[in-house]
Amino acid sequence: MSLSRRRTVAALAALPLVPPGAGPRTRTVWIAGDSTAARKTPDEAPETGWGMALPFFLTPHLAVANHAVNGRSSKSFVDEGRLGTVLAGLRPGDLLLVQFGHNDQKAGDPARYTEPWTTYREHLLRYVAGARARGARPVLLTPVERRRFGAGGAAVPTHGEYPAAMRALAAEEDVALVDVQAASLAEWRRLGPEASKAYFTWLAPGESPNHPDGKQDNTHFRPRGAIEVARLVAAGLRERAVLAARDVRRLDEPVPAAWITY
């Protein structure tokens, strides 16, 4: 895909997604995050961000504007002007979901690295303050867990102090928090080392034309995994009373992977 086409696709993907026939929207759910949530292009398939599946669990009066971008941290998302773009679009009553942590950990990259108890919290506060100043509600999401299993076959955490730092910030600033890290880690533990591969982009040679030699990726999801993480997010928003019962749907129903489009 050409660079110009990629930019066009990215711009279109960032527009609020409203299901056909939904009528006028009342609120928009904005997503600021990294590749685990981002919308993917056809040449990236079957890699799928959970933000692509979130609309399946929200009722039609909620639109989704997915501004998550591959490779971004809480810092680089701000420095590149992406937070400014999101804040310019926020309206009173909207939600801003903020999920960072994967790339904040990259200590060798000064453009992205943040220290969990200082600069990570400082950057997250910019999202919180910006949303509140515009009458929108910020929601912090701890970073979804990677697929990593210890010698005994149990899923193990990979995000160090970042989830704890976000939890502490949410408590101190009275910000709603969905603990996606804890929920996803519990799900990977339930599935175990083999079954969890079906949620991530573990591909056999020849399985995908975009990855003819196969792929073993323990960070990014295929459609099934993205759908289940989006379900965790929607359920967490409901449990935290960020969304009401009338705002969510299908939390206990199967969602076909075929619904995902690129």
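Everything discussed here concerns the structure shown above.
Description of the structure in this document.

1. Focus on the overall build of the chain
And step 1. Within the chain, the secondary structure is distributed over eight helices and seven strands.
And step 2. Against the 2.2 N^0.38 benchmark of 18 Å for 262 residues, the chain shows a C-alpha radius of gyration of 17 Å, consistent with a compact globule.
And step 3. The dimensions of the chain, computed from C-alpha atoms along their principal axes, are 50 × 45 × 40 Å.
And step 4. Excluding contacts between residues fewer than 6 apart, the proportion of contacts in the chain whose partners are at least 24 apart in sequence is 75%.
And step 5. Surface exposure of the chain reaches about 11,300 Å², of which carbon and sulfur atoms provide 54%.
And step 6. Charge-centre separation for the chain: the mean point of 34 positive side chains lies 4 Å from the mean point of 27 negative side chains.

2. Re the packing of aromatic side chains
And step 1. Taken as a whole and judged by the stated rule, the model has nine aromatic pairs.
And step 2. Look at Trp188 and Phe200: their rings are 5.1 Å apart centre to centre, the planes differ by 65°, and that puts the pair in the edge-to-face class. Of the two residues, Trp188 sits in helix α7 (residues 180-195) while Phe200 sits in strand β6 (residues 200-203), which places them 12 residues apart along the sequence. Across this residue pair, the class does not change: Trp188 and Phe200 are buried.
And step 3. Grouping aromatic residues by their ring pairs yields a cluster made of Trp188, Tyr199, Phe200 and Phe221.

3. Quick word on the side chain of Glu145
And step 1. Topologically, Glu145 is positioned in the loop between β4 (137-141) and α6 (162-173).
And step 2. Among buried charged residues, Glu145 stands out as having no salt bridge; its nearest opposite-charge side chain is Arg146, 5.5 Å away.
And step 3. In this view, Glu145 contacts Val156, Pro157, Thr158, His159, Gln181, Ser184, Leu185, Trp188 and Phe200; residues no more than four positions away in its chain are not counted.

4. Notes on the sheet that holds strand β5 (residues 176-178)
And step 1. If you trace the five strands from one edge of the open sheet to the other, you get β2-β1-β3-β4-β5, paired in parallel fashion. Only two strands of the sheet have a single neighbouring strand rather than two, namely β2 (62-66) and β5. In this sheet, adjacent strand axes meet at a mean angle of 25° when their direction is disregarded.
And step 2. For strand β3 (residues 95-99) and β4, the ladder comprises four bridges, and the chain directions are parallel. Counterpart to Val98 in the pairing with β4 is Leu140.
And step 3. Contacts between helix α5 (residues 119-133) and the sheet are confined to β1 (27-33), β3 and β4, with β4 contributing the most and set at about 155° to the helix.

5. Remarks on helix α4 (residues 82-89)
And step 1. For α4, every residue scored as buried is listed here: Leu83, Val86, Leu87 and Gly89. Seen end-on, α4 carries its buried residues on one side only, within an arc spanning 165°.

6. Focus on the pairing of β3
And step 1. Counting buried residues in β3 gives five out of five residues, a clear majority hidden from the surface.
And step 2. With five bridges joining them, β1 and β3 adopt parallel strand pairing. Residue pairing across strands places Gly33 opposite Gln99, the latter belonging to β3.
And step 3. In this region the chain leaves β3, passes through α5 and returns to the parallel neighbour β4; the handedness of that crossover is right-handed.

7. Examining unusual backbone geometry
And step 1. Omega for the peptide link from Ala45 to Pro46 comes to 5°, which places this bond in the cis form.
And step 2. Here Pro46 is to be found in the loop between β1 and α2 (50-53).
And step 3. Phi is positive for Asp174, which is not a glycine, with a value near 55°.
And step 4. Secondary-structure assignment places Asp174 in the loop between α6 and β5.
And step 5. Taking the relative accessible area as the measure of exposure, Asp174 reaches 66% and is therefore exposed.
And step 6. Positive phi, normally seen in glycine, also occurs at Arg250, with a value near 60°.
And step 7. Among the secondary structure elements, Arg250 is positioned in the segment after α8 (223-239).

Calculation rules
Residues numbered from 1 in each chain as written. Predicted model: local features only at pLDDT ≥ 70, side-chain atom pairs only at ≥ 80, totals over all residues. Heavy atoms only, no water. Helix = DSSP H or I, 4+ residues; strand = E, 2+ residues; numbered from the N terminus. Rg over C-alpha atoms; globule rule 2.2 N^0.38 Å. Contact = heavy atoms within 4.5 Å. Areas by Shrake-Rupley, 256 points an atom, 1.4 Å probe, with all protein chains shown as cover. Lys, Arg positive; Asp, Glu negative; His and termini not counted. Charge placed at Lys NZ, Arg CZ, Asp CG, Glu CD. Phe/Tyr/Trp six-rings, centres within 6.5 Å; stacked < 30°, edge-to-face > 60°. Buried < 20%, exposed > 50% of the residue type's maximum accessible area, 1.4 Å probe, protein only. Salt bridge = Lys/Arg side-chain N within 4 Å of Asp/Glu carboxyl O. Pairing = 2+ DSSP bridges. Axes fitted to C-alpha atoms, helices over the stretch in contact; angles between N-to-C directions. Arc of directions from axis to C-beta. Right-handed = clockwise from strand over helix to strand, strands pointing away.

In short, the description is geometric, and any link to function would need to be established separately.
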